[in-house]
Amino acid sequence: MFLPFFDTLRRAGVPVSLREYLSFLEGLAAGLCTYDVDEFYYFARAALVKDERYLDRFDRAFSESFQGLEAISSDDVLNAVDLPEDWLRKLAERHMTEEEKAQIEALGGFDKLMETLKQRLEEQKGRHQGGNKWIGTAGTSPFGAYGYNPEGIRIGQHESRHKRAVKVWDKREFRDFDDNIELGTRNIKVALKRLRQWARHGAAEELDLPGTIRASAEAGYIDVKTRPERHNAVKVVLFLDVGGSMDAHVKLVEELFSATKAEFKHLEYWYFHNCLYEGVWKSNRRRWDEVTPTWDVLHRYGPDYKCIFVGDASMSPYEITHAGGANEHWNQEAGHLWLTRAREQWPDNVWLNPEPERLWNYTQSIGLIREIFENRMYPLTLEGITRAMKVLG
């Protein structure tokens, strides 16, 4: 019966394997989540999703497959499985306090619960606050909101307070993790961490706390361990396109810049407009007064640096192919020459594009940049940055 769910997950892009699906069925057969839709959701997510990037896709697939499942009542379940009353009573005795059992008995059991609800809906004429009978709020009646009853029906409450009737998968708290969406600073940091390479230098002077704890536990006395101090060996030079069509991507580029500064100790950054030419700058407010020759930048940072260009690559093709093609000044040499020089100086290089990848084939200049970078152009998504970091690594 769960094969359609398995198929929906695959169609939604969740890479669930047959082995994971079989483990999911084994858990159900073992009774890990019986007649509780929230438990079923959490168990299915734990069994079938192995990467946080797919949590949002799982939520959407789950909602599509089991829409309306949360509306199934206890009567529907009991009628379907035809469980003996004495079995249910014993199960209740195992999981309820004496007070809770007395409350259920006072109402008359599961069947009486639904009958009483219908009667009170017909009898009640207005809003009710507190108490233990009418459908209202802040009481102990089995019906209503913002109160408590061990077996109740929530009416008029926008959220769960005792976690007994909330449909959690439609919250979609994991949208940020989807690898096909544009990123926030947090997820950019996660992706950039894939590039971090650590090298050990110098004498063993840094305290190895985990090693000390482990060695002391094994020896029965304090056994201090040290290790070579760790330094982040990655060096990055970052070129950021600003102005013009990039204005639409300012927030995303700012987040990338913030995350990059946080992740890499050895980071150098420069601004350019549309294409790399003979000058770059550090401050956009003084871009005309304090321009640094690109030759100086090429000679300043060694080939051990990783080079990342960030821009939408959307411009007139002449800005790339011809001298004098730049739209703000007369460039003595074509932009493609400077890009080629940069790639030769820093062999580990990529271009990150904030434009959706599906639109790239419709812009001629993007095609030219991709050709210059030998298809090392990647979208600014979690999946795109992950691919780029693998190339740089």
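Not measured: the values here are computed from a predicted model.

Enquirer: Would you explain the side chain of His249 in this entry?
Expert: Secondary-structure assignment places His249 in the loop between strand E6 (235-241) and helix H11 (250-263). The class for His249 is buried, based on a relative accessible area of 10%. When near neighbours in sequence (up to four residues on either side) are disregarded, His249 contacts Asp312, Pro354 and Glu355.

Enquirer: Even after reading the chapter, I still don't get the pairing of strand E7 (residues 266-272), so can you show me in this structure?
Expert: As a general feature of sheets, a regular strand has side chains that alternate between the two faces. For E6 and E7, the ladder comprises seven bridges, and the chain directions are parallel. When the sheet's bridge partners are listed, Phe239 is paired in E7 with Trp270. Regarding topology, H11 serves as the crossover connection from E6 to the parallel E7, and that connection is right-handed.

Enquirer: Where do I start with a nonpolar patch on the surface in this structure?
Expert: A contiguous nonpolar patch, built from Leu207, Leu209, Ile213, Ile222 and Val224 and spanning about 520 Å² of accessible area, is present on the exposed surface. Residue position: Ile222 is located in the loop between helix H10 (209-219) and strand E5 (226-232).

Enquirer: Help me understand the nonpolar core in this model?
Expert: Soluble globular proteins tend to bury their nonpolar side chains together. Within the largest apolar cluster, 29 residues are counted, with the highest numbers of intra-cluster contacts made by Phe239, Phe309, Leu339, Trp346 and Trp351. Apart from residues lying up to four places away in sequence, Leu339 is in contact with Cys275, Leu276, Phe309, Trp351, Ile369, Ile372 and Phe373. Formed by 24 residues, the second largest nonpolar core is a distinct cluster that contains Val242, Tyr271, Leu352 and Leu380.

Enquirer: Where do I start with the pattern of salt bridges in this structure?
Expert: Any two side chains of opposite charge can pair, on the condition that their charged atoms come close. Enumeration over the complete set of coordinates arrives at twelve salt bridges. One salt bridge connects Glu333 with Arg341, and the closest N-O pair in it is separated by 2.8 Å. The class for Glu333 is partly exposed, based on a relative accessible area of 28%. Among the salt bridges present, the one from Arg343 reaches Glu374, with a minimum N-O distance of 3.5 Å.

Enquirer: Looking at this structure, how should I read the packing of helix H1 (residues 3-11) against helix H4 (residues 55-65)?
Expert: Packed helices, taken two at a time, are described by their axes: the angle between them and the distance between them. Between H1 and H4, whose axes approach to 9 Å, the crossing angle comes to 145 degrees. The element H1 and its partner H4 pack so that their crossing is right-handed. For the pair H1 and H4, the contacting residues are Phe5, Thr8, Leu9 and Arg11 in the first and Phe58, Ala61, Phe62, Glu64 and Ser65 in the second.

Conventions adopted
Numbers given for residues are sequential positions, taken from 1 along each chain in its written order. Reporting in this predicted model follows two pLDDT cut-offs: at least 70 for local features of residues, and 80 or more for side-chain atom pairs to be given and counted; totals over whole chains, interfaces and linings ignore these cut-offs and use all residues. Heavy atoms from the whole structure form the basis of all side-chain values; hydrogens and water molecules are not counted. Helical segments are the DSSP runs of H or I of at least four residues, strand segments are the runs of E of at least two, and each set is numbered from the N terminus. We call a residue buried when its accessible area falls under 20% of the maximum for its residue type, exposed when it is over 50%, and partly exposed in between, using a 1.4 Å probe and counting protein chains only. Any two residues whose heavy atoms approach within 4.5 Å at even a single point are treated as in contact. Between any two strands, at least two bridges found by DSSP are needed for them to pair. When the strands point away from the viewer and the path from the first strand over the helix to the second turns clockwise, the crossover is right-handed. Only residues whose relative accessible area exceeds 30% and that take part in no salt bridge are eligible for patches, with like-charged residues grouped when within 9 Å of each other and nonpolar side chains (Val, Leu, Ile, Met, Phe, Trp, Tyr) grouped when within 5 Å. For every accessible area listed, the method is Shrake-Rupley and the probe measures 1.4 Å; residues are considered covered only by the protein chains on display. Any carboxyl oxygen of Asp or Glu within 4 Å of a side-chain nitrogen of Lys or Arg constitutes a salt bridge here. To define a nonpolar core, start from buried Ala, Val, Leu, Ile, Met, Phe, Trp, Tyr and Cys residues and group those joined through side-chain atoms within 4.5 Å. Note on definitions: angles span 0 to 180 degrees between N-to-C directions of axes, and those axes are lines fitted to C-alpha atoms, for helices only across the stretch in contact. By convention, the crossing between two helices is left-handed when the near helix turns anticlockwise from the far helix through less than a right angle, and right-handed when the turn is clockwise.

The quantities given are spatial measurements derived from coordinates; they are silent on function.
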